[in-house]
Amino acid sequence: MAVPRSRVSNQRKNTRRAHHAKRPKHAASCTNCGTMRLYHRICASCGYYKDRSVMSSEQA
Ligand SMILES: [Zn+2]
């Protein structure tokens, strides 16, 4: 097992991990109701996809 020659400082560790932040998934606002939804997915709140209703609210 490799042994590190020197201890990594807190600043260097945190600088390296600066790129590790979680990013939001690809999301867009619904064109019908405006809530956030994932790309290529039906809107969960109104059931619209590509400007037309594909799932009525009664079924959901
Ligand atoms: Zn919607």
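Residues numbered from 1 in each chain as written. Predicted model: local features only at pLDDT ≥ 70, side-chain atom pairs only at ≥ 80, totals over all residues. Heavy atoms only, no water.

Asker: Looking at this structure, I do not really get the overall build of the protein chain. What am I missing?
Answerer: Within the protein chain one finds 1 helix and 4 strands. Relative to the 2.2 N^0.38 estimate, which gives 10 Å for 60 residues, the radius of gyration of the protein chain is 22 Å and therefore markedly larger than a compact globule would have. With the C-alpha coordinates aligned to their principal axes, the bounding extent of the protein chain is approximately 65 × 25 × 15 Å. Evaluated residue by residue, the protein chain yields a buried proportion of 8% over its 60 residues. (Helix = DSSP H or I, 4+ residues; strand = E, 2+ residues; numbered from the N terminus. Rg over C-alpha atoms; globule rule 2.2 N^0.38 Å. Buried < 20%, exposed > 50% of the residue type's maximum accessible area, 1.4 Å probe, protein only.)

Asker: Honestly, the coordination of the zinc ion in this entry has me stumped. Any pointers?
Answerer: Any two of four tetrahedral donors ideally make an angle of 109.5 degrees at the metal, while pairs among six octahedral donors ideally make 90 or 180 degrees. Donor atoms from the polypeptide that bind the zinc ion are Cys30 (SG), Cys33 (SG), Cys43 (SG) and Cys46 (SG), placed at 2.2 to 2.3 Å. With 4 donor atoms in place around the zinc ion and angles of 104 to 116° between them, the coordination shape is tetrahedral. Donor residues binding the zinc ion come from one chain and are separated in sequence as C-x2-C-x9-C-x2-C. (Donors = N, O, S within 2.8 Å, 3.2 Å for Na, K, Ca; no water. Tetrahedral: all angles 85-135°; square planar, octahedral: opposite > 155°, others 65-115°.)

Asker: Can you walk me through the environment of Arg16 in this structure?
Answerer: For Arg16, the position within the fold is in helix α1 (residues 10-16). Taking the C-alpha atoms as reference points, Arg16 and Ser53, 37 residues apart in sequence, are found 46 Å from one another.

Asker: Before we go on, may I ask you to explain the environment of Gly47 in this structure?
Answerer: If you trace the backbone, Gly47 turns up in the loop between β2 (36-38) and β3 (48-49). C-alpha separation for the pair Gly47 and Asn32, spaced 15 residues apart in sequence, amounts to 9.3 Å. Setting aside anything within four residues of it in sequence, one finds Gly47 in contact with Ile42, Arg52, Ser53, Val54 and Met55. (Contact = heavy atoms within 4.5 Å.)

Asker: Is there a simple way to explain the confidence of the model for the protein chain in this structure?
Answerer: Low-pLDDT portions of the prediction should not be read for the details of their coordinates. A residue-level look at the protein chain finds 92% of positions with pLDDT of 70 or above and a mean pLDDT of 83. Least confident of the elements in the protein chain is strand β4 (residues 52-53), whose mean pLDDT is 76; most confident is α1, at 96. (pLDDT = per-residue confidence, 0-100.)

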